[in-house]
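# Results of the structural survey
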2 protein chains.
Amino acid sequence: MSTLFSFRGGDCGAWRVTRMQTLCGEALPSVERVDISAGNASNEGADWILRGVVSNIRYATGRELNVLKAVQAPIGRLEATRAALIPIRKSTVWWDLAQDERRAIFEDTSHHTAIGLDYLPQIARRLHHGRDLGEPFDFVTLFEYAPAHEAMFDDMLARLRATKEWAFIDREVDIRLDRAAN
Amino acid sequence: MSTLFSFRGGDCGAWRVTRMQTLCGEALPSVERVDISAGNASNEGADWILRGVVSNIRYATGRELNVLKAVQAPIGRLEATRAALIPIRKSTVWWDLAQDERRAIFEDTSHHTAIGLDYLPQIARRLHHGRDLGEPFDFVTLFEYAPAHEAMFDDMLARLRATKEWAFIDREVDIRLDRAAN
């Protein structure tokens, strides 16, 4: 079974928004807080709500998965007081490609998994799929890291955004978060 | 965007149920009719309702897709007065496999796409994904064919069910339908 998560933008939530930047496509309304919860949260009182499911692996091979599992860190580490929530949408051209064509752009050309590996275990990541739910974004990725690793995280993003895969992204918002003290 | 379809079992609908057979796992309650509609149908008054989205290709390569597109028939042909609705669920073991491991079982070992190709264009097929929606079945496949091709369809199912891929299926119900005259 896939696990649904809700990301609720508004006045409440454990994460304080420190920056919202639209890289591509339509912006999301500015909010002060983001609440992240398992399940289908109500959108009552929210400025926006994004949803996605943690699903099966779509591109990684058995060999890549073994390496990832050996080094990746979980979401929720105490020291990871900073986070980034990055919803993205890919173009129709991308989704109409065959599996081998998408895999070739994802990894063989763009080295998506390989780039991510360079930043483990410091940058924890959880990917949520929204496309089949009819959500406005195809993916919502949550990244968590310690303040000391924010520059490292920005470096990773810059490398990913320079890949051929990113040419298929037609909406992207970068929301930076700080674990709220109150 | 993915397209949602609903399959509503009950007393109403354009398809009359001629047989319901549980091949594996829990049965579905017997019904007289099935209503198939685009969108999220209400389950009020239904004995059961299944949902799934037509989504992107998960295993087929560009070469395989080109062959499929050249010969496949659409859902809704006038002469296709018989149909089969086959909801299936795959095991956790399957979903925990990496992409290359699933692809290898799906095609290189089980020849899923290749077997299906042998029955085109007579057997039309539309695949709906339910797993990421939290549905009880991972997939609902709708097949449509003319009465003269039912034996051919049964032959295709027998070949698919004998594959290694089918060892990962832990729930399967085979619902045969006839386009209702009234």
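Residues numbered from 1 in each chain as written. Chains lettered and ligands numbered in written order. Predicted model: local features only at pLDDT ≥ 70, side-chain atom pairs only at ≥ 80, totals over all residues. Heavy atoms only, no water.

A few words on the overall build of chain A. Per the secondary structure count, chain A includes 5 helices and 8 strands. The order of α-helices and β-strands along chain A, N terminus first, is β-β-β-β-α-β-α-α-α-β-β-α-β. For 182 residues, the compact-globule estimate of 2.2 N^0.38 gives 16 Å, and the C-alpha radius of gyration of chain A, at 16 Å, lies within 12% of that figure. Its C-alpha atoms put chain A at 45 × 35 × 35 Å along the principal axes. Taken across its 182 residues, chain A has 53% of its residues classed as buried. Within chain A, contacts between residues at least 6 apart in sequence are counted, and of these 77% link residues at least 24 apart. Working note: accessible area of chain A is about 8,300 Å², and carbon and sulfur atoms make up 52% of it. Across chain A, the mean location of the 23 positive side-chain charges is 3 Å away from that of the 26 negative side-chain charges. (Helix = DSSP H or I, 4+ residues; strand = E, 2+ residues; numbered from the N terminus. Rg over C-alpha atoms; globule rule 2.2 N^0.38 Å. Buried < 20%, exposed > 50% of the residue type's maximum accessible area, 1.4 Å probe, protein only. Contact = heavy atoms within 4.5 Å. Areas by Shrake-Rupley, 256 points an atom, 1.4 Å probe, with all protein chains shown as cover. Lys, Arg positive; Asp, Glu negative; His and termini not counted. Charge placed at Lys NZ, Arg CZ, Asp CG, Glu CD.)

Turning next to the interface of chain A and chain B. Many descriptions give the size of an interface as the accessible area lost when the pieces come together. Listed by partner, the interface residues are 24 residues for chain A and 24 residues for chain B. With both chains or domains summed, chain A and chain B bury close to 2,000 Å², and 45% of this area falls on carbon and sulfur atoms. Applying the counting criterion to the chain A and chain B interface returns 2 salt bridges. Across the contact surface, chain A and chain B share 10 residue pairs in polar contact (both at pLDDT 80 or more). Of all elements in the fold, only α1 (62–71) and α3 (99–109) of chain A reach the threshold of two or more residues within the side of chain A that touches chain B. Residue contributions to the side of chain A that touches chain B peak at 4 residues, all from α3 of chain A. The residue makeup of the side of chain A that touches chain B, split by class, is 9 nonpolar, 8 polar and 7 charged. (Buried area = accessible area lost by both parts, 1.4 Å probe. Salt bridge = Lys/Arg side-chain N within 4 Å of Asp/Glu carboxyl O. Polar contact = N/O pair within 3.5 Å; in protein donor to acceptor, adjacent residues only side chain to side chain. Nonpolar A, V, L, I, M, F, W, Y, C, P; charged D, E, K, R; others polar.)

Attention now goes to the relation of the copies chain A and chain B. When chain A is brought onto chain B, the operation consists of a screw motion whose angular component is 180° and whose axial shift is 0.0 Å, with 0.0 Å RMSD remaining. Here the two chains are linked by the operation of a two-fold rotation axis. Among all residues of chain A, the one whose C-alpha sits closest to the rotation axis is Leu 133 of chain A, at a distance of 3.3 Å. (Least-squares fit on C-alpha atoms with pLDDT ≥ 70 in both.)

All names here are of chain A. As judged from the 2 bridges shared by strand β2 (residues 15–24) and strand β3 (residues 33–38), these two strands associate in the antiparallel manner. Opposite Arg 16, over in β3, you have Arg 33 as the bridge partner. Here 8 bridges tie β2 to strand β8 (residues 169–179), and the two strands are oriented antiparallel to one another. Paired with Met 20 across the two strands is Ile 175, which belongs to β8. (Pairing = 2+ DSSP bridges.)

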